[in-house]
Amino acid sequence: MLSLGRRRILSVFLAVFVILTVWRAWELSASDTAAVPQKPMTGYTKYEPEKDYFWRNIKHNFPIHPSQMRSMPTAATATFPPVQAKFPRESAEEKKIRLSRRNDIKESFLKSWKAYKKYAWLQDELTPVSGNAKNPFGGWGATLIDSLDTLWIMGLKDEFEYTVYDVEQNALFLSTIQKDINVFETTIRFLGGLLSAYDLSGDKRLLVKAHNVGDMLYKAFDTPNHLPVLRWDIHDAAYGNKQEAQSSSLLAEIGSLCMEFTRLSLLTKDPKYYDAVQHISELLAASQQRTKLPGMWPVTVDARTESFDTGTTYTLGGMADSTYEYLPKMMALLGQSDGIYKDMYTRSMDTANQHLFYRPMTPTSEDVLFPGFVQVNGDDPSRRKEFTPASGHLTCFAGGMLAVGGKLIDNDDHLSLAKKLTEGCVWAYKSFATGVMPETFDLTPCADRNSCPWDATKWQAAVAKAHGAGGGSGESKAALRIIDEERIPEGFTKITDARYILRPEAIESVFIMYRITGDRVWQEKAWEMWRAIDNLTSTKLANSAVHNMNPPEGEDVEMADSMESFWLGETLKYFYLIFSEPDLISLDEWVFNTEAHPFRRLR
């Protein structure tokens, strides 16, 4: 039973919590004009955690004693081979072109940033057509915090100072007007953004805020089995109510917290964050070879019962992607060449290469790869595997993942796969009239990866089948009609989602391929992609997602009036870095989280 004094303290905390919730809701709706950035406060270098921060002092129902926590790494245990290539000397003309292109991308960033400052400051996102704001991520300023390290990397130090000042003054991370928050998105955008900006700048104000976010999110792990509530009602948690991990959780959301929480432990010297996520990694490692598709995990898992094989769909795409991405990146972050992260990475890529990677039939026989997905019938004793050649923008990270992983473990086969997967996404961009690939699509898979001649009849039959028009004497006519009406390029069978939402995954892999090879051909590919993206998405204020990147000839592209924070935090950052000097955020010293926030690798 709580003493009278402790009950009073908790009552005060909760009263403050409610007042801040109401105040924040009023603040976000009171005016159409965003707050103006304030004058920066400089010279703040002393680190002092906020001892009275609400989430740091709230009672946990299922606490872990410090003596039971896993030991935190303190130094790298291995020396890896270099990730980055030795770059050839560039001529004066090459440098002039490179810097001109980089400046073009920087100008685009400034255009979007200034619009965000004017119309959506301190809020999550700008609507880049109507000039309003929206708050899908708690209303804590997702674009502002996602952009901090981009400001620093682009040398916009005055803007950085102004922004950090307002982060310190306004980013409270106490409550939200939303019913619940996505723990994964909050981790990669807010915690990752603050940690990265601190790693780059050394500004202790950012570490204070990161520490606060970490302690807020740590409360989501306060469950009987210490696995997090991923769609988390923080209001309920603030009242001290008991909570449980959810029985239906997405693999990406539970398996992609390890980098941010580990980096927070390394910086604060508090092992509890590392302990929380290492627990998840150990469960993943223990279950990896016992799933329906050994070596990989399904899209959905049961965190409540710690069952990591409840689903039947296996993919490197959305809802699973970053769990696999983080395996080699944790090796780099911790400086560990052996252990569960290397084992999980190599096993998962062996399985993906065997069951998911496929070569599409293309009119000029490009030797490229894409990841598809596999459905496994769990009730069938033979566990029949059904492969679908469906891919999309979210799978384009795979080339970069295998490039980094292949360099770390010195595996040329992984580097070869990385090149073919990245080339596949570049080919998909070039296949469309607008020069931009869609969100998701189906392709015509080759029967043999080594030899795949073009066959228009087979392609048309695949198109007809993908649209439910297969078979019969009219199959060819039906296919040709569908191809014409939906403007389907050769090799593709169906555009399942024609949006382009400013995603970064393709340029991410192109950037990494450039850094690991030093080959300037990747810069040329990036420039073609950039010109196509900017031409498709540019608005008067900034850049916008589009509903259809493949519109009928002569029709205008319909803007979606959406600019997620990753446009400034990821996409433009990768484009800028590929035209920067290679030692700017060297991959031998830094490792990016899935939101493109670079963390210092442990030495």
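Predicted model only: the values in this text are computed from it and were never measured.

Q: Quick question: what am I supposed to make of the overall build of the protein chain here?
A: When helices and strands are counted, the protein chain shows 21 helices and 16 strands. Over its C-alpha atoms the protein chain spans a radius of gyration of 24 Å, differing by no more than 12% from the 25 Å that the globule rule assigns to 603 residues. Dimensions along the principal axes, computed over C-alpha positions, put the protein chain at roughly 85 × 60 × 45 Å. Residue burial in the protein chain is summarised as follows: out of 603 residues, 58% are buried. Within the protein chain, counting contacts between residues at least 6 apart in sequence, those at least 24 apart form 73% of the total.

Q: Explain the UniProt feature "binding site: Ca(2+)" (unreviewed entry) in the protein chain here, please?
A: As recorded in UniProt, the sites labelled "binding site: Ca(2+)" (unreviewed entry) are T594. Tracing the sequence through the fold places T594 in the loop between β15 (590-592) and β16 (598-600). When its relative accessible area of 16% is taken as the criterion, T594 is described as buried. Setting aside its immediate chain neighbours within four residues, T594 contacts F184, I188, S322, E325, Y326 and E570. A polar contact of 2.8 Å, which involves the side chain of T594, links it to the side chain of E325.

Q: Explain the pattern of salt bridges to me, please; I cannot follow it from the model alone.
A: Any two side chains of opposite charge can pair if their charged atoms end up close together. For the structure shown, the criterion picks out 33 salt bridges. Between E253 and R231 there is a salt bridge, with its nearest N and O atoms 2.5 Å apart. Taken together, the residues E253 in helix α10 (residues 251-255) and R231 in strand β4 (residues 231-232) connect sequence positions 22 residues apart. A salt bridge links K419 to E423; the nearest nitrogen and oxygen atoms lie 3.6 Å apart. With a gap of 4 residues between them, K419 and E423 both fall in helix α16 (residues 412-431), about one helical turn apart. With relative accessibility at 42%, the residue K419 sits in the partly exposed group. Residue class for E423 comes out buried when judged on its relative accessible area of 19%. Several salt bridges converge on common partners, so that one network encompasses E90, R98, R102 and E581.

Q: Is there a simple way to think about the sheet that holds strand β14 (residues 492-497) in this case?
A: Across a sheet, strands are paired by hydrogen bonds formed along the backbone, either parallel or antiparallel in direction. Strand order in the open sheet formed by 3 strands is β12-β13-β14, with antiparallel pairing between adjacent strands. Each having just a single partner strand, β12 (390-392) and β14 make up the two edges of the open sheet. Taking each pair of neighbouring strands and ignoring which way they run, the sheet shows an average axis angle of 30°.

Q: What is the right way to read the pairing of strand β13 (residues 440-443) from this model?
A: One face of the sheet, then the other: side chains in a regular strand alternate in exactly this way. As defined by bridge partners, β12 adjoins β13 across 3 bridges and the pair is classed as antiparallel. Bridge pairing links S391 to F441 in β13. Alignment of β13 against β14, held across 3 bridges, turns out to be antiparallel. Residue T440 lies in a different strand from β14, and its bridge partner there is D497.

Q: Would you take a moment to explain the environment of W522 for this structure?
A: Along the chain, the position of W522 falls in helix α20 (residues 521-537). Taking the C-alpha atoms as reference points, W522 and S509, separated by 13 residues in sequence, lie 9.9 Å from one another. Residues within four places of W522 in sequence aside, it is in contact with K419, T422, E423, V510, M513, Y514, T517 and I578.

Calculation criteria
- Residues numbered from 1 in each chain as written.
- Predicted model: local features only at pLDDT ≥ 70, side-chain atom pairs only at ≥ 80, totals over all residues.
- Heavy atoms only, no water.
- Helix = DSSP H or I, 4+ residues; strand = E, 2+ residues; numbered from the N terminus.
- Rg over C-alpha atoms; globule rule 2.2 N^0.38 Å.
- Buried < 20%, exposed > 50% of the residue type's maximum accessible area, 1.4 Å probe, protein only.
- Contact = heavy atoms within 4.5 Å.
- UniProt positions renumbered as here; feature names shortened; annotations may be inferred.
- Polar contact = N/O pair within 3.5 Å; in protein donor to acceptor, adjacent residues only side chain to side chain.
- Salt bridge = Lys/Arg side-chain N within 4 Å of Asp/Glu carboxyl O.
- Pairing = 2+ DSSP bridges.
- Axes fitted to C-alpha atoms, helices over the stretch in contact; angles between N-to-C directions.

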